[in-house]
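Take a look at the letters that make up each chain.
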Amino acid sequence: MGRVVIHLDCNPKDNAISSIVKDFQDRLRPRGISLQTHESKKSREGYETEISNLSGTLVILDERGESMSSIELAEWLDSAQLNYETTHIAVGPHQGFSEQTKQSADSMISLSRLTLTHEFSAALLMEQLFRATEINRGTSYHRV
């Protein structure tokens with residue numbers, strides 16, 4: 001079964017958002033989804049180099065990426081977890097991803113057509129991944 005790793009360029013500085021991310025990190029860990037923070041104080045290029053050197057599939061968040069419903073995200077997550085290679089989902093740095101990184105990524109996902117801060121995007125992504133796991137488990141967390 002393939003692992004899913006969420007990548008952030010740094011820990012959220014906003015305490016409220018950091019708390020949300022931590023809560024969902026704890027909920028997702030037993031489900032094979034982990035969070036990796038790149039705290040190296042590097043520039044955007046350093047973070048992009050780190051994530052581009054990962055083995056597996058690289059998916060980045062971008063407002064121009066593929067939009068999905070929660071149910072479609074659950075189906076996508078299910079297939080990613082059935083894959084034998086690791087799927088890396090990267091939340092952009094505060095200045096966004098470079099065009100080079102966007103072109104080299106295996107795919108792009110959009111959480112919204114709105115532009116969101118990278119910290120808020122991380123919290124929203126974590127909640128939606130938890131929701132996707134609940135949909136796949138058939139619980140009542142996601143009410144249709």
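The structure we're discussing is the one just above.
About the cut-offs
- Residues numbered from 1 in each chain as written.
- Predicted model: local features only at pLDDT ≥ 70, side-chain atom pairs only at ≥ 80, totals over all residues.
- Heavy atoms only, no water.
- Core = buried A, V, L, I, M, F, W, Y, C linked by side-chain atoms within 4.5 Å.
- Buried < 20%, exposed > 50% of the residue type's maximum accessible area, 1.4 Å probe, protein only.
- Helix = DSSP H or I, 4+ residues; strand = E, 2+ residues; numbered from the N terminus.
- Contact = heavy atoms within 4.5 Å.
- Pairing = 2+ DSSP bridges.
- Axes fitted to C-alpha atoms, helices over the stretch in contact; angles between N-to-C directions.

Novice: Outline the nonpolar core, listing residues and values.
Specialist: Nonpolar side chains tend toward joint burial in soluble globular proteins. Within the largest apolar cluster, 24 residues are counted, with the highest numbers of intra-cluster contacts made by Ile 6, Val 21, Ile 33, Ile 89, Leu 125, Met 126 and Leu 129. Every element with two or more residues in this core is listed here: strand 1 (4–8), helix 1 (15–28), strand 2 (33–37), strand 3 (57–67), helix 3 (70–82) and helix 5 (118–137). When residues of this core are assigned to their parent elements, the largest contribution, seven residues, is made by helix 5. What Leu 129 contacts, discounting residues up to four positions off in sequence, is Ile 6, Leu 28, Ile 33, Leu 73, Leu 77 and Ile 89. Counting seven residues, the second-largest nonpolar core is a separate cluster that includes Tyr 47, Ile 51, Leu 58 and Phe 97.

Novice: Please set out the sheet that holds strand 2 residue by residue, giving values where relevant.
Specialist: Two orientations exist for strands paired in a sheet by backbone hydrogen bonds: parallel and antiparallel. The parallel open sheet is built from five strands, whose spatial order is 2-1-4-3-5. Strand pairing shows two members of the sheet lacking a second neighbour, strand 2 and strand 5 (107–110), which therefore form its edges. The mean angle between the axes of side-by-side strands here comes to 35°, regardless of whether they run parallel or antiparallel. Looking at chain direction, strand 1 and strand 4 (residues 87–90) are connected through four bridges and run parallel. Within the sheet, the bridge partner assigned to His 7 lies in strand 4 and is Ala 90. Helix-sheet contacts for helix 2 (residues 44–52) involve strand 1, strand 3 and strand 4, and the interaxial angle to strand 1 is about 170°. Seen against the sheet, helix 3 touches strand 1, strand 2, strand 3, strand 4 and strand 5 and runs at an angle of roughly 135° to strand 4.

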